[in-house]
Amino acid sequence: MPAVSGVSGTTGVPGASGASAGLPSAPGVSPGTSGAPGEAGDIPAPLAARARLFPALAAVYRAQLSRARVARIPLLFVATFQSIGIMILMRGVVDGGSGARSVVAGSSVLVVAFVALNLLAQYFGQLRASGGLDHYATLPVPPSAVVLGAAAAYASFTVPGTIVTAVMGSVLFQLPMTHLWILLAVIPLSGAALAGLGAVLGLLAPRQELATLCGQLGMSAALLLGVLPADRMPQVVSYARDLLPSTYGVEALARTFDGQPDWWVVCADLGVCAGVAVVSLAAATWAYRRAAVR
């Protein structure tokens, strides 16, 4: 009998397939298979390669920076005016000496604590409560890139306010400004340590309100333990001061107001601050993984 015309995959010879007649087969389907899902011969589509750390970190940083750009001016004003107001109040209590150095250094680092610790804890608490972590979990980016990118973006807002506070404090208490370049090391190291702590508080808090409360308490601790002179604190409180990550950034900045700073001690303080930053950011990455899988 003649073959029925119009039937695809036949050549007029019964039993002959299109592949044997030289016709191209469907892409991704081996000859002799029907191409149905789950049958032998299926070739799964390759997954996209996982993004590397630094390109993913840069992408998250830019995204966070552009997202928070609208709130940048209020953040700068609130954080800076708060620290300058504290220095003006302390001017009537502290005249000079080591107390003045502690007040100026602590008020400068307080700008970092307000943004990197307080606001970042609120941000991650809100992100967890609203389900925003699910969005990042679907992206092929390492968890450390999400934590570091958000921390770096929030810490970037502190740079102008910290510099303005340090300069105005030096003028107010008549301190030398020769070595204020040390802020180039104090700001990123203190910011990283406090941002990691803020991310941990926001990610581990069971409720968004508790994350906000923890961030406020952490900033209050940075205010009381960092701004007040250490020699006027009780011994028990000084132990708590040593546990605060920003303390070593405050000490490093305060020592540079001396006429002849002991740079070995300054570098030691910055080294401790860097070590605390690594530990806190690693803990924040672990907290992010733990919160993302729940």
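See the structure shown above.
So, here is what we can say about the structure in this document. (Residues numbered from 1 in each chain as written. Predicted model: local features only at pLDDT ≥ 70, side-chain atom pairs only at ≥ 80, totals over all residues. Heavy atoms only, no water.)

### Notes on the side chain of Ser102
Step number 1: Take Ser102: it is sitting in helix α3 (residues 98-129).
Step number 2: Residues in contact with Ser102, not counting those within four places in the same chain, are Gly226, Val227 and Pro229. (Helix = DSSP H or I, 4+ residues; strand = E, 2+ residues; numbered from the N terminus. Contact = heavy atoms within 4.5 Å.)

### Things to note about the packing of α3 against helix α10 (residues 247-255)
Step number 1: Contact geometry for α3 and α10: axes closest at 8 Å, N-to-C directions at 130°. It follows that α3 is oblique to α10 by the angle criterion. Taken as a pair, α3 and α10 cross one another with a handedness that is right-handed. Residues Arg101, Ala105, Gly106, Ser108 and Val109 of α3 pack against Gly249, Val250, Leu253 and Ala254 of α10.
Step number 2: Here the contact of α3 with α10 is built from residues that sort into five nonpolar, three polar and one charged. (Axes fitted to C-alpha atoms, helices over the stretch in contact; angles between N-to-C directions. Parallel < 35°, antiparallel > 145°, perpendicular 65-115°, else oblique. Left-handed = near helix turned anticlockwise from the far one by under 90°. Nonpolar A, V, L, I, M, F, W, Y, C, P; charged D, E, K, R; others polar.)

### Brief notes about the packing of aromatic side chains
Step number 1: Inspection of every chain in the model, using the stated rule, returns three aromatic pairs.
Step number 2: Between Phe77 and Phe81, the aromatic rings sit 5.2 Å apart at their centres with planes inclined by 70°, giving edge-to-face as the arrangement. Residue Phe77 and its partner Phe81 are located together in helix α2 (residues 72-91), separated by four residues, close to a single helical turn.
Step number 3: By relative accessible area, which is 53% here, Phe81 ends up exposed. (Phe/Tyr/Trp six-rings, centres within 6.5 Å; stacked < 30°, edge-to-face > 60°. Buried < 20%, exposed > 50% of the residue type's maximum accessible area, 1.4 Å probe, protein only.)

### Remarks on the pattern of salt bridges
Step number 1: For the structure on display, the rule yields five salt bridges.
Step number 2: A salt bridge links Arg207 to Glu209; the shortest N-O distance between them is 3.6 Å.
Step number 3: Classification of Arg207 by relative accessible area gives exposed; the value is 53%.
Step number 4: Residue Glu251 is joined to Arg255 by a salt bridge in which the shortest nitrogen-to-oxygen separation is 3.7 Å. With a gap of four residues between them, Glu251 and Arg255 both fall in helix α10, about one helical turn apart.
Step number 5: Relative accessible area serves as the criterion here: at 19%, Glu251 is assigned to the buried category.
Step number 6: Within this structure, Arg241, Glu251, Arg255 and Asp269 form a network of salt bridges that share partners. (Salt bridge = Lys/Arg side-chain N within 4 Å of Asp/Glu carboxyl O.)

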